[in-house]
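# Notes for the structure review
The primary structure of each chain is shown beneath.
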Amino acid sequence: MIQFLVHEKADSVGVATVDIKAGESVKGLYMDTQQPIEVQANDDIPLGHKIAMVDHNADDAVIKYGHDIGRVVSSIQKGDHVHTQNLKTKRW
């Protein structure tokens, strides 16, 4: 079962298609290549929220759907929940 989707290979986050529990090894799919990917979830990740595909440092950009969606405000590890606690818009 696919538990998250990554729009394109260059994206640094995927989107949960089901609720994900911390500690689960979750299966995803790169939509552009149809290549499968597997990641260990470090946190609970609700349906529709982002899971990190790579490590991010503070001030890194997060790429989703091929676009820069914001700035990392605290380090993120591969498999972490990416949301308002560690990602902020660059607009403000």
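In this report, we go over the structure that sits alongside the text. Keep in mind it's a predicted model, so treat the numbers as computed, not measured.

Attention now moves to the side chain of Asp 11. Examined against the element boundaries, Asp 11 turns out to sit in the loop between β1 (4-6) and β2 (13-16). Of the side chains bearing the opposite charge, Lys 64 lies closest to the buried Asp 11, which forms no salt bridge; the N-O distance is 8.7 Å. Of the polar contacts made by the side chain of Asp 11, one reaches the backbone nitrogen of Tyr 65; its length is 3.0 Å.

Once that is clear, we can look at unusual backbone geometry. Phi at Gln 34 takes a positive value of approximately 65°, unusual for a residue other than glycine. Following the sequence through the fold, Gln 34 ends up in the loop between β3 (25-30) and β4 (36-40). Residue Tyr 65 is not a glycine yet carries a positive backbone phi of 55°. Along the chain, Tyr 65 falls in the loop between β6 (61-64) and β7 (67-72).

This paragraph deals with the pairing of β6. The two faces of the sheet receive side chains in turn, since in a regular strand these alternate between them. A one-sided burial pattern is seen for β6, the buried positions being Val 62 and Lys 64 and the unburied ones Ala 61 and Ile 63. As paired strands, β6 and β7 are joined by four bridges and run antiparallel to one another. The partner of Ile 63 across the bridge, within β7, is Asp 68. The turn linking β6 back onto β7 is made up of two residues, and Tyr 65 within it adopts a positive phi angle of 55°.

A separate point is the nonpolar core. Within the largest apolar cluster, 12 residues are counted, these being Phe 4, Val 6, Ala 16, Ile 20, Val 26, Tyr 30, Ile 37, Val 39, Ala 41, Ile 45, Ile 51 and Met 53. When contributions to this core are tallied by element, the ones reaching two or more residues are β1, β3 and β4. Beyond its immediate stretch of four places on either side in the chain, Ala 41 contacts Ile 20, Lys 21, Ala 22, Gly 23, Glu 24, Ile 51 and Gly 79. Among the nonpolar cores identified, the runner-up in size contains seven residues, and Val 62, Val 72, Val 82 and Leu 87 belong to it.

How each quantity is defined
Residues numbered from 1 in each chain as written. Predicted model: local features only at pLDDT ≥ 70, side-chain atom pairs only at ≥ 80, totals over all residues. Heavy atoms only, no water. Helix = DSSP H or I, 4+ residues; strand = E, 2+ residues; numbered from the N terminus. Buried < 20%, exposed > 50% of the residue type's maximum accessible area, 1.4 Å probe, protein only. Lys, Arg positive; Asp, Glu negative; His and termini not counted. Salt bridge = Lys/Arg side-chain N within 4 Å of Asp/Glu carboxyl O. Polar contact = N/O pair within 3.5 Å; in protein donor to acceptor, adjacent residues only side chain to side chain. Pairing = 2+ DSSP bridges. Core = buried A, V, L, I, M, F, W, Y, C linked by side-chain atoms within 4.5 Å. Contact = heavy atoms within 4.5 Å.

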